[in-house]
Amino acid sequence: MNRREFLKGLASIGILSVFPVRGFGRSKMRRPNLVFLLTDDQAQWAVGAYGNDDIHTPNMDKLAEEGILFTRAFTAPVCSPSRAMIMTGLYAHQVGIDDWIAPGEEEGLDPKATTLAELFKRAGYTTALIGKWHLGHKKEIYHPLKRGFDYFMGFLGGGNRPMNPTLIVEGEERQLQGYLTDILTDDAIRFIREHRDKPFALFLHTRAPHAPYTPVPEEDMAHYIGKTFKAPKVEGVPDERVQEEYRGYYASVSSIDRNLGRLLDELDSLGLAENTIVILMGDNGYMIGHHGLLSKGNAFVMGKRGQRRPNMFELSILVPLIIRWPAVIKPGSRCDEMVCSTDFMPTFIDILRECGCDVPELKTEGMSMLPLLRGEQVKWRDELFLLYDMHHGAEAHMRMIRTRRWKLVLHYEEGGQHELYDLENDPGEERNLYGDEGVAEVQEELTERLVEWQRRVGDPLAPKEG
């Protein structure tokens, strides 16, 4: 019997209407499970599938081979704003967050904003957050269990130890023994096993590869012992120091990769892989020596103790994004469209509606990626906007518009220097063209578009009209 005859037989007894087969029409979906692996400070360049042959990420690479790899996925340049955008589909300033939330700070995710967890819970899912939250410390207001999660094990703030961490377990803080990424993955696997018989939405948020990168298990460091890595030269900084940064950072990423493999194996063994959406994403980009900097949008100048360089360089906002969903996504797909962390909420709204779930009408600032996941040709955005208000370590108020060719960053802080880059001819953003007469028309047009966006999204720093 050939494939066509086999499928015809299934259709005759009604199976295809319940279990849609990949590539056949738009029949009603089954509710997919979700495993959302969000890493902390993982740059897009720190994944083998994006062309890095120094790093050992076989499971991330496999995920790309079996799913879709996004080459232009953007988010806020630091942690808490990025997570707020992922969780709500809104810009961070619209939900009460500007910079990363420091210990003791009062701010947190606006309780009026609907989260992805609340969306899934309403659709009949069991929801879990395992790992890092970083969207507010006040337990009575911002705790994950008050924001749509049925289960939480992890930590509310931004930092933790990579080994022997202190975590909230069953509502109580406990110091656990072992490596943090392994501990979190152990609990994620337990959760999947216990909830395999009905839809679940699991958010696994690692602390890795955030600094300090080590210690990590010997098996993860072993890939890098005695090796020399391709790395930028930084004036005034010994090459050995830069190499050590890369060695620790890469080993931390490999610890995530090994645990991703454990998760994928578990989904396979339970027969859940076909209809489980697996997402790998970094919460923001990262630099080690690029532009002479270390870290992200609030980067330090390497070799100049305490000096900061607030920025929205591509390397700070460009993140890895790989999605596998065998029931829908063609293996080995690649998407070059500009997508953003605000796009997850409208994407999951569309998915749940196609599954017949009761989904509320919600305002979002994103676009549904579902057509892109299906490989459809659709009209997509030709410009992307971001903002970042930095108040830890330095003050900066940056507003950005990025098109396929150009990037304009306006600085609203006192003494700030505006930036304009021709990404087509200067992808490394080495030549700031702001004020250059040769690009005056481009600068003016981009400024108008950016200011118009600022007004539309309620940016308090938007210039007044007239």
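As shown above, the structure is provided for reference.
Residues numbered from 1 in each chain as written. Predicted model: local features only at pLDDT ≥ 70, side-chain atom pairs only at ≥ 80, totals over all residues. Heavy atoms only, no water.

1. A look at empty space enclosed by the protein
Selection criterion: Using a 1 Å grid laid over the protein atoms alone, points where a 1.4 Å probe fits but cannot get out form a cavity; open sets with protein on both sides within 12 Å along at least 5 of 7 lines form a pocket; any residue with an atom within 4 Å of a point counts as lining. Grid points are joined across faces, edges and corners, and a volume is the space filled by probe spheres set on the points. Secondary structure elements follow DSSP: runs of H or I no shorter than four residues count as helices, runs of E no shorter than two count as strands, and numbering proceeds from the N terminus. Under the scheme applied here, ten amino acids are nonpolar (Ala, Val, Leu, Ile, Met, Phe, Trp, Tyr, Cys and Pro), four are charged (Asp, Glu, Lys and Arg), and all others, including Gly, are polar.
The tally for this structure, following the rule as stated, stands at 3 cavities of 30 Å³ or more. When its volume is computed, the largest cavity comes out at roughly 100 Å³. Of all elements in the fold, only helix H7 (180-194) and helix H9 (239-269) reach the threshold of two or more residues within the lining of the largest cavity. Volume-wise, the second largest cavity comes out at about 50 Å³. Together, Ala76, Pro81, Met85, Tyr91, Ala92, Asp98, Leu386, Leu387, Tyr388 and Asp389 line the second largest cavity. Contributions of two or more residues to the lining of the second largest cavity are made by helix H4 (79-88) and strand S15 (383-390). Element by element, the count of residues in the lining of the second largest cavity is highest for S15, at 4 residues. When the residues that make up the lining of the second largest cavity are grouped by side-chain class, the tally is 8 nonpolar, no polar and 2 charged.

2. Describing the pairing of strand S11 (residues 298-301)
Cut-off, in case you're wondering: At least two bridges found by DSSP between two strands are what make those strands a pair.
Pairing analysis gives 2 bridges linking strand S10 (residues 293-295) to S11, with the strands arranged antiparallel. Within S11, the residue paired with Leu294 across the bridge is Phe300. The turn joining S10 and S11, which pair antiparallel and follow one another in sequence, is formed by 2 residues. Direction of pairing for S11 relative to strand S12 (residues 308-310): antiparallel, over a ladder of 3 bridges. Along S12, the bridge assignment pairs Asn298 with Pro310. Hairpin connection, S11 to S12: the antiparallel pair is bridged by 6 residues, and Gly303 has positive phi, about 85°.

3. Topic: the layout of surface pockets
Taken as a whole, the largest pocket encloses approximately 460 Å³ of empty space. If you trace the largest pocket, you find 28 residues lining it, with His210, Ser295, Lys296, Asn298 and Phe300 closest to the centre. Those elements giving two or more residues to the lining of the largest pocket turn out to be S10 and S11. Among the elements that make up the lining of the largest pocket, the one with the highest residue count is S11 (3 residues). For the lining of the largest pocket, a count of residues per class yields 10 nonpolar, 11 polar and 7 charged.

4. What about the packing of aromatic side chains?
Any aromatic ring pair is given by two values, namely how distant the centres are and how the planes are angled relative to each other. For the record, the criterion: In this analysis, rings of Phe, Tyr and Trp, with Trp reduced to its six-membered ring, are considered paired at centre separations within 6.5 Å, and the interplanar angle assigns stacked below 30 degrees, edge-to-face beyond 60, and tilted for intermediate values. Two conditions define a charge located above a ring, namely a distance within 6 Å from the ring centre to NZ of Lys or CZ of Arg, and an angle within 35 degrees of the ring normal.
One pass over the structure, following the stated rule, counts 21 aromatic pairs. The interplanar angle of 35° and the centroid separation of 5.7 Å between the aromatic rings of Trp45 and Tyr246 together place this pair among those described as tilted. Taken together, the residues Trp45 in the loop between strand S1 (33-39) and helix H3 (58-66) and Tyr246 in helix H9 connect sequence positions 201 residues apart. It is Arg190 that lies over the ring of Tyr151; its NZ or CZ is 5.1 Å from the centre. Stacked on the ring of Phe300, the Lys or Arg Arg308 has its end atom at 3.9 Å from the ring centre.

5. Structural notes on the pattern of salt bridges
Rules: Here, a salt bridge means any side-chain nitrogen of Lys or Arg that lies within 4 Å of a carboxyl oxygen of Asp or Glu. A simple rule labels every residue: compare its accessible area, found with a 1.4 Å probe on the protein chains alone, to the largest value its type can have, and call it buried under 20%, exposed over 50%, or partly exposed in between.
Counting across every chain of the model gives 37 salt bridges. With a shortest N-O distance of 3.0 Å, Asp182 and Arg258 are connected by a salt bridge. You can see Asp182 sitting in helix H7 and its partner Arg258 sitting in helix H9, a full 76 residues away along the chain. The partner of Glu429 in a salt bridge is Lys407, and the shortest N-O contact between them spans 2.8 Å. Here Lys407 lies in strand S17 (residues 406-411) and Glu429 lies in the loop between strand S18 (419-422) and helix H13 (440-456), a separation of 22 residues in the sequence. Judged by its relative accessible area of 4%, Glu429 falls in the buried class. With relative accessibility at 0%, the residue Lys407 sits in the buried group.

6. Here's the deal with H9
Short version of the rule: Helix span, as expected, comes to 1.5 Å for every residue beyond the first.
If you check H9, its first and last C-alpha atoms are 45 Å apart, about what 31 residues at 1.5 Å a residue would give, namely 45 Å. Burial within H9 is extensive, with 23 of its 31 residues counted as buried. Positive backbone phi, at 70°, marks Gly271, one or two positions downstream of H9.

7. Considering the side chain of Asp426
Our working definition: In the analysis that follows, any N or O atom pair within 3.5 Å is treated as a polar contact, provided that within protein one partner can donate a hydrogen and the other can accept it, and provided that, for residues neighboring in sequence, both atoms belong to side chains. Whether two residues are in contact is decided by their heavy atoms, any of which lying within 4.5 Å being enough.
Among the structural elements, Asp426 can be located in the loop between S18 and H13. We classify Asp426 as buried; its relative accessible area is 5%. One polar contact links the side chain of Asp426 to the main-chain amide nitrogen of Arg431, over a distance of 2.8 Å. Ignoring any residue separated from it by four or fewer positions in sequence, one finds Asp426 in contact with Tyr421 and Arg431.

8. Observations concerning the environment of Asp459
Note on placement: Asp459 falls in the segment after H13. What makes Asp459 buried here is its relative accessible area of 5%. Taking the C-alpha atoms as reference, Asp459 lies 9.8 Å from Tyr91; in sequence the two are 368 residues apart. Here the side chain of Asp459 touches Arg399 through a polar contact of 2.6 Å, side chain to side chain. A distance of 3.0 Å separates a polar side-chain atom of Asp459 from the backbone nitrogen of Leu461.

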